Amino acid sequence: MNTAQNATYVVWMVLCGMAMGATFDFYNTITGASRWLRRLRPLFDLAFWLVAAVVVYVCTYRTISGTFRIWTFLLLVAGYTLYRLLLRRWVVGSAFAILHVMRVVVVIFGRALYMLFGLPARWAWRLLSGLAKLLYGLGCRLEDAIAKLLFIILLVLTFPIRRYVGKEGWRKKLLQWQEEFWHLTAKWLGRTRKPIQ
């Protein structure tokens, strides 16, 4: 293995260490900012380590024909240390900036949806509820008018028997009416009966 391959191997492993640190901090910052994404963090961690292992293997395969060396771990740690010293502040800052932009986009999108759908639905609800209240009021007035009309019709229809239903109890009046009815019936039958010869 020549010096160029070794140099390429060192550079790629250091870059892999830096990329792993940057990727980990980036998605860790974003998932930590949301309660819902925090629940998915174990899945992100698993995907991160699987992808990192594949990338490191491919880089070693391309540079030193896939030969595994103990120096691989040390170079990855060196790359991660360089990342922490040089780039971590910018990566985490860019993650927070992306979160801020995403929040602004979500707020704008939510307000646009509210303007497109929520506000017309609210106006329609107010219109329908106002119309329902108006119809309910008109229905109550119509019901009162019909009840008064039916009361007048009932007064007209019950005019002949109204004298029997007065201030006194209606049962007394009914009993008196029955007695009068049977008395008149008996008189009428007595007049129409023919004498027996």
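About the cut-offs
Residues numbered from 1 in each chain as written. Predicted model: local features only at pLDDT ≥ 70, side-chain atom pairs only at ≥ 80, totals over all residues. Heavy atoms only, no water. Patch = residues over 30% accessible without salt bridge, like charges linked within 9 Å, V, L, I, M, F, W, Y side chains within 5 Å. Areas by Shrake-Rupley, 256 points an atom, 1.4 Å probe, with all protein chains shown as cover. Salt bridge = Lys/Arg side-chain N within 4 Å of Asp/Glu carboxyl O. Helix = DSSP H or I, 4+ residues; strand = E, 2+ residues; numbered from the N terminus. Buried < 20%, exposed > 50% of the residue type's maximum accessible area, 1.4 Å probe, protein only. 1 Å grid on protein atoms, 1.4 Å probe; cavity = no way out; pocket = protein on both sides within 12 Å on 5 of 7 lines; lining within 4 Å. Points joined across faces, edges and corners; volume = space filled by probe spheres on them. Nonpolar A, V, L, I, M, F, W, Y, C, P; charged D, E, K, R; others polar. Disulfide = S-S within 2.5 Å. Axes fitted to C-alpha atoms, helices over the stretch in contact; angles between N-to-C directions. Left-handed = near helix turned anticlockwise from the far one by under 90°. Contact = heavy atoms within 4.5 Å. Phe/Tyr/Trp six-rings, centres within 6.5 Å; stacked < 30°, edge-to-face > 60°. Parallel < 35°, antiparallel > 145°, perpendicular 65-115°, else oblique. Core = buried A, V, L, I, M, F, W, Y, C linked by side-chain atoms within 4.5 Å.

Another aspect to go through is a nonpolar patch on the surface. A cluster of nonpolar side chains, Leu142, Ile146, Leu149, Leu150, Ile153 and Leu157, forms an exposed patch at the surface whose accessible area comes to about 600 Å². With respect to the helices and strands, Ile146 occurs in helix α5 (residues 88-157). What makes Ile146 partly exposed here is its relative accessible area of 42%.

A separate point is the layout of surface pockets. Considered as a void within the structure, the largest pocket measures approximately 200 Å³ in volume. Around the largest pocket, the lining residues are Met20, Trp49, Ala52, Ala53, Val56, Tyr57, Thr60, Gly66, Phe68, Thr72, Phe73 and Leu76. Looking at the lining of the largest pocket residue by residue, the class counts come to nine nonpolar, three polar and no charged.

Right, let's get into the state of the cysteines. Applying the stated criterion to the full structure yields zero disulfides. Cysteine Cys59 remains unbridged, with the sulfur of Cys16 as its closest cysteine sulfur at 3.6 Å.

This next bit is on the packing of helix α1 (residues 3-32) against α5. Where α1 contacts α5, the axes come no closer than 9 Å and their chain directions differ by 30°. Relative to α5, the crossing made by α1 is right-handed. Where α1 approaches α5, its residues Ala22, Asp25, Phe26, Thr29 and Ile30 are matched on the opposing element by Arg88, Val91, Val92, Ser94, Ala95, Phe96, Ile98 and Leu99. Taken together, the residues of the contact of α1 with α5 sort by class into nine nonpolar, two polar and two charged.

With respect to the helices and strands, Thr60 occurs in helix α3 (residues 41-64). The residues touching Thr60, leaving out its near neighbours within four places in the chain, are Tyr9, Met13, Ser65, Gly66, Thr67 and Thr72.

For any pair of aromatic rings, geometry is given as the distance between the ring centres together with the angle between the planes. What the rule picks out here adds up to nine aromatic pairs. Judged by centre distance (5.5 Å) and plane angle (85°), the ring pair of Phe24 and Tyr27 falls under edge-to-face. Of this pair, Phe24 and Tyr27 both sit in helix α1, three residues apart, roughly one helical turn. Its relative accessible area of 11% is what places Tyr27 among the buried residues. A ring pair is formed by Phe48 and Trp49, whose centres lie 4.9 Å apart and whose planes are at 70°; its orientation type is edge-to-face. For Trp49, a relative accessible area of 52% gives the class exposed. Three or more aromatic residues link up through ring pairs in this structure, and these residues are Phe24, Tyr27, Phe44, Phe48 and Trp49.

A separate point is the packing of α1 against α3. Relative orientation of the contacting elements α1 and α3 amounts to 170°, with a least axis distance of 10 Å. One way to sum up the angle between α1 and α3 is to call them roughly antiparallel.

Ranked by size, the top nonpolar core spans 17 residues in total, and within it Met13, Cys16, Met20, Val56 and Leu76 carry the most contacts. Elements that contribute at least two residues to this core include exactly α1, α3 and α4 (71-86). Tallying contributions element by element places α1 first for this core, with eight residues.

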